[in-house]
Amino acid sequence: PPQLPSCFLFQVQDFGLKHLLSMGSLRLLSLAGCPLLTTTGLSGLVQLQELEELELTNCPGATPELFKYFSQHLPCCMVIE
């Protein structure tokens, strides 16, 4: 499955997430430790319906409300807090 190198992701911002949305076959995504992402930017990841695992540890934009939103809109995805 397509994966991105983690060194790229530490600098990713909300604008960069929009480019990920074109990767419809993406199955694994770790945004752990990405301090520049907001809840609004992260919420767009629900467009990645093939996503099976999403890691958001130490990501300030990942709020309890966002995890609930993901559980409703990405029910087959394991979201790691």
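The structure displayed is predicted, hence computed values, not measured ones.

As for the overall build of the chain
Then step 1. When helices and strands are tallied, the chain shows four helices and three strands.
Then step 2. Ordered by position from the N terminus, the helices and strands of the chain form the series α-α-β-α-β-α-β.
Then step 3. Relative to its 81 residues, the chain shows a buried fraction of 33%.
Then step 4. Within the chain, counting contacts between residues at least 6 apart in sequence, those at least 24 apart form 60% of the total.

Regarding the pattern of salt bridges
Then step 1. According to the stated counting rule, one finds two salt bridges in the structure shown.
Then step 2. Its salt-bridge partner being R27, residue E50 comes within 2.9 Å of it at the nearest N-O pair. Of this pair, E50 sits in the loop between helix 3 (39–43) and strand 2 (53–55) while R27 sits in the loop between helix 2 (14–20) and strand 1 (28–30), and the two are 23 residues apart along the sequence.
Then step 3. Judged by relative accessible area, E50 falls into the partly exposed class, the value being 40%.
Then step 4. Several salt bridges converge on common partners, so that one network encompasses R27, E50 and E52.

Side note on the environment of L54
Then step 1. For L54, the position within the fold is in strand 2.
Then step 2. A C-alpha to C-alpha distance of 7.5 Å links L54 and L31, two positions 23 residues apart in sequence.
Then step 3. Discounting residues that sit within four places of it in the chain, L54 has contacts with L29, L31, L45, F70, C77, M78, V79 and I80.

Topic: the packing of aromatic side chains
Then step 1. Considering all chains together, one arrives at one aromatic pair under this definition.
Then step 2. Ring geometry for Y69 against F70: centres 6.4 Å apart, planes inclined by 45°, an arrangement best described as tilted.

Points about the sheet that holds strand 2
Then step 1. Across the sheet, three strands lie side by side as 1-2-3; this open sheet has parallel pairing. Single-partner strands in this sheet number two, and they are strand 1 and strand 3 (78–80). Taken pair by pair, the neighbouring strands of this sheet meet at an average axis angle of 10°, ignoring direction.

Quick notes on the nonpolar core
Then step 1. Within the largest apolar cluster, 22 residues are counted, with the highest numbers of intra-cluster contacts made by L31, L42, L45, L54 and L56.
Then step 2. Secondary-structure elements contributing two or more residues to this core are helix 2 and helix 4 (64–73).
Then step 3. Ranked by the residues each element gives to this core, the list is headed by helix 4, at three residues.
Then step 4. Those residues within four positions of L45 in sequence are excluded, and the remaining contacts are L17, L21, L29, L31, L54, F70 and L74.

Calculation rules
- What you see as residue numbers is a count from 1 along each chain, following the sequence as written.
- This being a predicted model, a pLDDT of at least 70 is required before a residue's local features are given, and a value of 80 or more before pairs of side-chain atoms are given or counted; all residues contribute to the totals for chains, interfaces and linings.
- To get the side-chain values, take all heavy atoms of the structure and skip hydrogens and water.
- Only runs of H or I of at least four residues qualify as helices and only runs of E of at least two qualify as strands under DSSP, and these elements are numbered from the N terminus.
- Working definition: with a 1.4 Å probe on protein chains only, accessible area under 20% of the residue-type maximum means buried, over 50% means exposed, and in between means partly exposed.
- The contact criterion used throughout is that any non-hydrogen atoms of two residues lie within 4.5 Å.
- Any Lys or Arg side-chain nitrogen found within 4 Å of a carboxyl oxygen on Asp or Glu counts as a salt bridge.
- Only centres within 6.5 Å qualify two rings of Phe, Tyr or Trp (six-membered ring in Trp) as a pair; their planes then separate them into stacked at under 30 degrees, edge-to-face at over 60, and tilted for everything else.
- One requirement defines pairing of two strands: DSSP has to find at least two bridges between them.
- Orientation is described by axes fitted as lines to C-alpha atoms, over the contacting stretch for helices, and by angles from 0 to 180 degrees between their N-to-C directions.
- Nonpolar cores were defined as sets of buried Ala, Val, Leu, Ile, Met, Phe, Trp, Tyr and Cys residues, with membership established by side-chain atoms within 4.5 Å.

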